[in-house]
Amino acid sequence: MTQHPSSAELAAHAQDHHHADVSGGWLRAAVFGAMDGLVTNIALISGVGGGGADRHVIILTGMAGLVAGAFSMALGEFASVGTQNEAVANEVAVEREEIRRHPLAEEAELVEMYQEMGLSQKTAEAMAREVHANPELAVKVHVAQELGVDVDEQPSPWTAAISSFLCFAVGGVIPLLPFLFGSSSLGVGLLVGAVGLFVAGALTSRFTTRGWLFSGLRQLAFGVIAAGATYLVGMAIGVSAM
């Protein structure tokens, strides 16, 4: 006999059982934008600073990189997410037509998928039959099972673009802060950028199974590699070649 949970247990479950919102397209774009903004401007500052540029040139380079990168990231995210949604819509149309033309074959296919998940044949057949009683539900279930996509939870291109733009700008301005407040020290700028990288990496651990120390150090290492490479390029070329 099936046991039903008490109202107290249901209330506790509703309070404890929750997930981060990772389906709206904002999280990946925000994380990628912030990290890219930090790494890009740290690398730019390191490159021009390594070439002997003064504070004014560093600020100009950093702000130009911030604006150009933010727009590039936003447009790229908008096009990427929009194209992905259009591709999903096309697959939904294909699946809808297949269910219309071959309903029994599609129902049998769903039975097989349920059995592969571990359900008995009897249960799988009952579930597939009930799903196919509603053609639109059948389309959603088939798309979810075959493509791993929820047609009702597609990310928004605008959300991805805006998140990417804002987070890139925030990430990009962090290593510029010492220069904007009057400092001319390349080391201070890079140090502030390094702290920003570590903190940003550590914050991403809230959405993953990685520890905050590992996530922070990993992102810091990526930034050090990029900054080191551009610093060497700056030293080799120098501002005299500009």
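Procedures and definitions
- Residues numbered from 1 in each chain as written.
- Predicted model: local features only at pLDDT ≥ 70, side-chain atom pairs only at ≥ 80, totals over all residues.
- Heavy atoms only, no water.
- Patch = residues over 30% accessible without salt bridge, like charges linked within 9 Å, V, L, I, M, F, W, Y side chains within 5 Å.
- Areas by Shrake-Rupley, 256 points an atom, 1.4 Å probe, with all protein chains shown as cover.
- Salt bridge = Lys/Arg side-chain N within 4 Å of Asp/Glu carboxyl O.
- Helix = DSSP H or I, 4+ residues; strand = E, 2+ residues; numbered from the N terminus.
- Buried < 20%, exposed > 50% of the residue type's maximum accessible area, 1.4 Å probe, protein only.
- Expected span 1.5 Å × (residues − 1).
- Polar contact = N/O pair within 3.5 Å; in protein donor to acceptor, adjacent residues only side chain to side chain.
- pLDDT = per-residue confidence, 0-100.
- Contact = heavy atoms within 4.5 Å.
- Phe/Tyr/Trp six-rings, centres within 6.5 Å; stacked < 30°, edge-to-face > 60°.

A. Structural detail: a nonpolar patch on the surface. A contiguous nonpolar patch, built from M63, L177, L180 and F181 and spanning about 390 Å² of accessible area, is present on the exposed surface. Summarising the element assignment, M63 is placed in helix α3 (residues 55-101). Owing to a relative accessible area of 33%, M63 belongs among the partly exposed residues under this scheme.

B. Molecular detail of helix α7 (residues 157-173). When the terminal C-alpha atoms of α7 are compared, their 24 Å separation across 17 residues agrees well with the 24 Å that a helix rising 1.5 Å per residue should span. Looking at α7, one finds that the buried residues are P157, A160, A161, S163, S164, F168, A169, G171 and G172. A distance of 3.3 Å separates the backbone nitrogen of W158 from a side-chain oxygen at the start of α7, and that oxygen is part of S156.

C. Focus on the confidence of the model for the chain. Looking at the chain, the pLDDT average stands at 86 and 88% of residues meet or exceed 70. Note that pLDDT drops below 50 for residues 17-24; the model gives that stretch 9 contacts with residues more than four away or on any other chain.

D. Geometry of the side chain of H142. Structurally, the position occupied by H142 is in helix α6 (residues 135-147). The buried category is assigned to H142, whose relative accessible area is 0%. Excluding residues within four positions of it along the chain, H142 makes contact with E95, I99, E106, E109, L110, M113, H132 and L147.

E. Here's a closer look at the packing of aromatic side chains. By the definition in use, this model includes 3 aromatic pairs. Plain terms: the ring middles of F71 and F165 are 5.0 Å apart, the flat faces sit at 75° to each other, and that makes the pair edge-to-face. Highlighted residues: F71 in helix α3 and F165 in helix α7, separated in sequence by 94 residues. Owing to a relative accessible area of 47%, F71 belongs among the partly exposed residues under this scheme. Residue class for F165 comes out partly exposed when judged on its relative accessible area of 27%.

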